[in-house]
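The residues making up each chain are set out below.
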Amino acid sequence: MAQSNRDGFTSTFGVLVATLGSAVGLGNIWKFPFLTGVNGGAGFLLVYLAATMLVGLPLMIAETMLGRTARANAVTAFETLAPRGKAGWKCIGWMGALASLLILAFYSEVAGWVYAYIVKAATGTIATTDPKVAAQTFGAMVSDPVSALAWQWVVLAVTGSIIMLGVAKGIEAVTRKLVPLLFILLLVLCARSLTLPGASQGLTFLFQPDFAKITPVVVLTALGLAFFKLSLGMGTMLTYGSYFRDNQDIPVTTTRVMLADLSVSLLAGIAIFPAVFAFGFEPAAGPSLVFMIIPAVFTSMPGGRLFMTIFFALTAIASIGAMLSLLEVPVAILAERYKMSRKGASLATILAVALFGVPAALSQSLAAKITLFGLNTFDLFDFLSSNILMPVGGILICLFVGWVYGLPNLERRLSNEGQLANRALIRVIFILVRYVAPAAIAIILLNGLKLI
Ligand code: TRP
């Protein structure tokens, strides 16, 4: 089944770095803090942690395993692995491709804000600790249709050129260098934020749960974040798994990625919330939160302008690794199923994203009046992908592995054909994937959407 001419990651370490590159991105720096702020802090964090361990990790293991077994894109993988006459499972792959376009539409928009903030940081125009001024600066940027679109297209041009270089060269080379650097800068930010007067209120908000705030919608949002963070439920991890090496220990690699990703998010939270309270910002500010707080923290320390510029540049680079992995889902489908060249497939995907991206980029200006269920296009794409498509994809992947693919196959594939002594662990994973995860996702989904 394995095709020797298929592109793939060139070392075990490269696999870890690239997978981490997919997981770490705007989800850690932008989405995790803003959702934690909107959803009441520690309680949300607690549910998010539980969702990551009990649902996210087992699903990540299942997805990468499917990809490595089939050595194919998300659609073809289900076609090959499903029993005869059950090729309908490949819908999971198509759903994933759709989800990837929706996510990219708003993700590239937020990445555009980050690019714009690199310039603004360098020129000193966002150096303020005043909540009013910071909100105005951000508001002016997102409500300007020309700059919103232009920055989004810069993002797409940059990311598109990298993906055309191919998997090993493009993705590995870019992601290998940046995660450590970003980590160090976050530590610097944490140190500053924690020593601000009034910082302890932020820690209380982040770590002392108020259980009354954990509503069904909060639980669904936390689950959606767990999917979003680990790039699950829509074929990204499956596609990356298809580039994994045969001797890779999947449970170990995925656990490492999960823990590293979690540490980046927690650091971002510790960097942000003490400063939110110290400077008198509103924790529930929403998507603008980090774009106001990060400049404020840097402004209050020596050399802030330089560090701020580097921080936004690193965040931009981190977002590239994540976007590459999102693009890889449709690109691999087009290249492998329609025999398109990698260049052609990449161009077609980038164009599709640009199309979907227009309404997202204009959602705070020209297209502000276009809403569905009370959500503008930006929020709608986010909601549909994180809170519906990914959880539904997640349930289907769990059901496929737990009930169709089965324990004997799972044992064979996760032990690398018996080379690893991890039978007990695989049984735990199997139970989580067969019963716990699909049931939990289904209940949370129906409850969060107020259907039960
Ligand atoms: N995990 C990335 C982040 O947190 C985003 C991402 C990359 C993603 N690939 C994905 C989200 C696939 C959902 C699905 O920034």
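Student: How should the overall build of the protein chain be read in this particular structure?
Tutor: Each helix and strand counted, the protein chain has 18 helices and 2 strands in total. Relative to the globule expectation of 22 Å for 452 residues, the C-alpha radius of gyration of the protein chain, 21 Å, shows essentially globular dimensions. Based on the C-alpha atoms only, the size of the protein chain along its principal axes is roughly 60 × 45 × 40 Å. Residue burial in the protein chain is summarised as follows: out of 452 residues, 59% are buried. Within the protein chain, residue pairs in contact and separated by at least 24 positions form 83% of the contacts whose partners lie at least 6 positions apart. Of the roughly 16,700 Å² that the protein chain leaves accessible, carbon and sulfur atoms contribute 69%.

Student: Looking at this structure, how should I read the environment of L66?
Tutor: Structurally, L66 is set in helix α3 (residues 42-70). In this structure, the C-alpha to C-alpha distance between L66 and A442, residues 376 residues apart in sequence, is 22 Å. Not counting residues within four places of it along the chain, the set of residues in contact with L66 comprises F78, L81, L238, I397, F400 and V401.

Student: How should I be thinking about helix α7 (residues 145-164) in this particular structure?
Tutor: An α-helical segment advances 3.6 residues per turn. Residues three or four places apart therefore align on the same side. For α7, built from 20 residues, the straight-helix expectation of 28 Å at 1.5 Å per residue is met to within 8% by its first-to-last C-alpha distance of 28 Å. Within the sequence span of α7, burial applies to S147, A148, L149, Q152, V155, L156, T159, G160, I162 and I163. The backbone nitrogen of V146 lies 3.1 Å from a side-chain oxygen of the residue at the head of α7, namely D144.

Student: How do you make sense of the packing of helix α5 (residues 91-123) against helix α14 (residues 304-337) when you look at a structure like this?
Tutor: The relative placement of two packed helices is expressed as an angle between their axes plus a distance between the axes. As a packed pair, α5 and α14 sit with axes 9 Å apart at the nearest point and diverge in direction by 160 degrees. Put simply, α5 runs roughly antiparallel to α14. Considering the relative orientation of α5 and α14, their crossing is left-handed. Per-class residue counts for the contact of α5 with α14 are 24 nonpolar, 8 polar and 2 charged.

Student: Is there a simple way to explain the side chain of S385 in this structure?
Tutor: Inspection of the secondary structure assignment puts S385 in helix α16 (residues 377-405). Those residues in contact with S385 that lie beyond four places of it in its chain are A99, I103, F106, M390 and P391.

Student: Just checking my understanding: could you explain the nonpolar core for this structure?
Tutor: Where a protein is soluble and globular, its nonpolar side chains tend to be buried together. Membership of the largest hydrophobic core comes to 155 residues, with the highest contact counts inside it found for W30, F291, F311 and F312. With 18 residues, the top contributor of residues to this core is α5. Ignoring sequence-local partners within four residues, the contact set of F291 consists of W30, V110, W113, V114, Y117, F138 and F312. Core analysis: the second largest hydrophobic core is formed by 5 residues, A148, L149, A361 and L362 among them.

Student: Which parts of the structure should I look at to understand the side chain of Q248?
Tutor: Note on placement: Q248 falls in the loop between α11 (236-241) and α12 (250-278). Among the residues examined, Q248 registers a relative accessible area of 2% and is labelled buried. Those residues within four positions of Q248 in sequence are excluded, and the remaining contacts are T12, V15, R68, T253 and N416.

Student: Would you explain the environment of F34 in this entry?
Tutor: Considering the arrangement of structural elements, one finds F34 in helix α2 (residues 26-38). Taking the C-alpha atoms as reference points, F34 and S288, 254 residues apart in sequence, are found 7.8 Å from one another. Setting aside residues up to four positions removed in sequence, F34 forms contacts with G286, P287 and L289.

Student: In this structure, what is going on with the site of the ligand? I would like to understand it.
Tutor: Taken together, the neighbourhood of the ligand is formed by 16 residues, with A23, G27, Y107, F228 and K229 sitting nearest. In this structure, an oxygen atom belonging to the ligand sits 2.8 Å away from a main-chain N or O atom of G27. Between Y107 and the ligand, the recorded distance is 2.4 Å, taken from a side-chain N or O atom to an oxygen atom. Burial of the ligand by the protein chains amounts to 100% of its free accessible area of 360 Å². Secondary-structure elements contributing two or more residues to the shell around the ligand are α1 (12-23), α2, α5, α10 (216-229) and α14. Broken down by class, the residue content of the shell around the ligand amounts to 9 nonpolar, 6 polar and 1 charged.

Student: Any chance you could explain the pattern of salt bridges here in plain terms?
Tutor: Pairing between side chains becomes possible if they bear opposite charge and their charged atoms approach one another. Inspection of every chain in the model, using the stated rule, returns 10 salt bridges. Close ionic contact of R427 with E411 constitutes a salt bridge, the shortest N to O distance being 3.4 Å. Pair noted here: R427 is in helix α18 (residues 423-448) and E411 is in helix α17 (residues 407-414), with a separation of 16 residues, a long-range link. The network of salt bridges with shared partners includes E79, K90 and R337.

The rules behind these values
- Residues numbered from 1 in each chain as written.
- Predicted model: local features only at pLDDT ≥ 70, side-chain atom pairs only at ≥ 80, totals over all residues.
- Heavy atoms only, no water.
- Helix = DSSP H or I, 4+ residues; strand = E, 2+ residues; numbered from the N terminus.
- Rg over C-alpha atoms; globule rule 2.2 N^0.38 Å.
- Buried < 20%, exposed > 50% of the residue type's maximum accessible area, 1.4 Å probe, protein only.
- Contact = heavy atoms within 4.5 Å.
- Areas by Shrake-Rupley, 256 points an atom, 1.4 Å probe, with all protein chains shown as cover.
- Expected span 1.5 Å × (residues − 1).
- Polar contact = N/O pair within 3.5 Å; in protein donor to acceptor, adjacent residues only side chain to side chain.
- Axes fitted to C-alpha atoms, helices over the stretch in contact; angles between N-to-C directions.
- Parallel < 35°, antiparallel > 145°, perpendicular 65-115°, else oblique.
- Left-handed = near helix turned anticlockwise from the far one by under 90°.
- Nonpolar A, V, L, I, M, F, W, Y, C, P; charged D, E, K, R; others polar.
- Core = buried A, V, L, I, M, F, W, Y, C linked by side-chain atoms within 4.5 Å.
- Near = heavy atom within 4 Å.
- Salt bridge = Lys/Arg side-chain N within 4 Å of Asp/Glu carboxyl O.

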